[in-house]
Amino acid sequence: MTRRVYLDNNATTPVLPEVLEAMRPYFGEHFGNASSIHHHGQETRAAVERARESVAALLGCRASEVVFTSGGTEGDNLAIFGLARSGDHVITSTVEHHAVLNTCKRLAKHPEPRRCEVTCIPVDGRGLVDPADVKRAIRPNTKLITIMFANNETGVAQPVAEIGKIAAEADIYFHTDAVQAAGKIPIDVNEIGCDLLTISGHKLHGPQGAGALYVRKGTQLEPMLIGGSHERSRRAGTENVPGIVGLGKAAELARAGFERGDERKMADARDHLERELLDIEATGLNGEGAPRVPNTTNIYFDGIEGEALVIALDLKGLAVSTGAACSSGAIEPSHVLTAMGLRSDRARASIRFSLGKQNTLEDVDFALGLIPETVGRLRDLSPVYQRVRV
Ligand code: PLP
């Protein structure tokens, strides 16, 4: 049987066994609707509120400020659509996830009179937003700044606390998409100074389809889903109890990991992988010199089609990914890497490696046993690379 190693944890993470165990009873004996007043409802309500406490502890906020959602996309949509009104100005960055970028694009495309203005702040070659650019972009009608915490392709961490300060001074709401930061590095919403912060269960070894949005007390958020008064009227709909319980357990485990210093171990394994890969000729690190979350590295292998490398490695049991999005058969280079100034061939030659809690040093060594040889073989077949070498 092929040994399989998964180094694509920024796409999704495996549910940890403790998380699965915590969720299991809520698919079976504890089936109540958390809004019911009888015993069955009380049981699941208590579980939802325990999970809310756990998520609040992970983020350094009050339980009442946690709104459960279906994941990162919904959290980002709720934060942006929930605040931006006709005629408002919104500031974002060029390297956001599409859950933010396309939501902002939609705001800008709304037919009058609901249209908003959107400014996209560029990043430098390391992938970093300059807080001074954010400050300069502020207008009298700026309502919201939405800039991500950690990038999903490069792991680059933005100076969110500095941006939070600028937002607070200008009395503007600040939302940060922390989907790729939560569980990887400690988060404190008060240190960041944000009003809204998105997380997603499946990126921190919780289940897919469950997430949370931190909403600072007093923030007037218009709900997107209209119905009952669930989640203090901020998100209607019967709660996904097993998912929420799983997210709560994943949040607890993430906090326990920080106490053990897991992120240091993760960074050591990532750095080992990175060092060895950068020893291969004509490679480079995307995001070099920027602060990054400890699990991610994004490397270009000149002369190679990233998709071809992903497929060749998958055939040998290693799962990694490109930053490129494939649409209508044409492979578009990653908007994140091109925003950082990479040539499109180099963006297409880039691969993201992202570690999870389940990965071991043996997994990294397995990857290192495959990648140099596979890169060499693909380059031997690449007329582009052969030309460059001559
Ligand atoms: N934001 C970021 C930075 C992400 O990486 C992702 C998922 O890849 C999302 C938002 C969307 O999260 P979800 O898959 O939970 O909808």
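Residues numbered from 1 in each chain as written. Predicted model: local features only at pLDDT ≥ 70, side-chain atom pairs only at ≥ 80, totals over all residues. Heavy atoms only, no water.

### Points about the packing of helix H3 (residues 72-83) against helix H4 (residues 98-109)
Here is the rule: Axes, fitted as lines to C-alpha atoms, cover a helix only where it is in contact. Angles between the N-to-C directions of the axes lie from 0 to 180 degrees. In this description a helix means any DSSP run of H or I spanning at least four residues, a strand means any run of E spanning at least two, and both kinds are numbered starting from the N terminus. Left-handed describes a crossing in which the near helix is turned anticlockwise from the far one by less than a right angle; the clockwise case is right-handed. Residue contacts follow a heavy-atom distance rule, with two residues in contact if any of their heavy atoms lie within 4.5 Å.
Where H3 contacts H4, the two axes come as close as 9 Å, and the packing angle between them is 35 degrees. By crossing handedness, the relation of H3 to H4 is classed as right-handed. In this structure, H3 contributes Thr73, Asp76, Asn77, Ile80 and Phe81 to the contact, and H4 contributes Ala99, Val100, Thr103, Cys104, Arg106 and Leu107.

### A short note on helix H2 (residues 39-59)
Going by this rule: Under the convention used throughout, the expected extent of a helix is 1.5 Å for every residue step, that is, one less than its residue count. Accessibility here uses a 1.4 Å probe with only protein chains present; expressed as a share of the type maximum, an area under 20% marks a residue as buried, one over 50% as exposed, and anything in between as partly exposed.
For H2, built from 21 residues, the straight-helix expectation of 30 Å at 1.5 Å per residue is met to within 8% by its first-to-last C-alpha distance of 31 Å. Residues Gly41, Thr44, Ala47, Val48, Ala51, Arg52, Ser54, Val55, Ala56, Leu58 and Leu59 constitute the buried set of H2. Structurally, H2 contributes buried residues whose contacts are with strand S2 (66-69), helix H7 (189-192), strand S7 (196-200), strand S8 (211-215), helix H8 (230-233) and helix H9 (241-260). Note on H2: the residue one or two positions beyond its end, Gly60, has a positive phi of about 75 degrees.

### Re the packing of aromatic side chains
Keep this limit in mind: Note on ring pairs: Phe, Tyr and Trp rings are taken, using the six-membered ring of Trp, and paired if centres are within 6.5 Å. Classes follow the plane angle, with under 30 degrees stacked, over 60 edge-to-face and the rest tilted.
Counted under the stated rule, the structure contains 1 aromatic pair. Ring centres of Phe301 and Phe353 lie 6.4 Å apart, and the angle between their planes is 75 degrees; on these two criteria the pair is classed as edge-to-face. One end of the pair, Phe301, is in strand S10 (residues 296-301); the other, Phe353, is in strand S15 (residues 350-354), and 52 residues separate them in sequence. Each member of the pair Phe301 and Phe353 is classed as buried.

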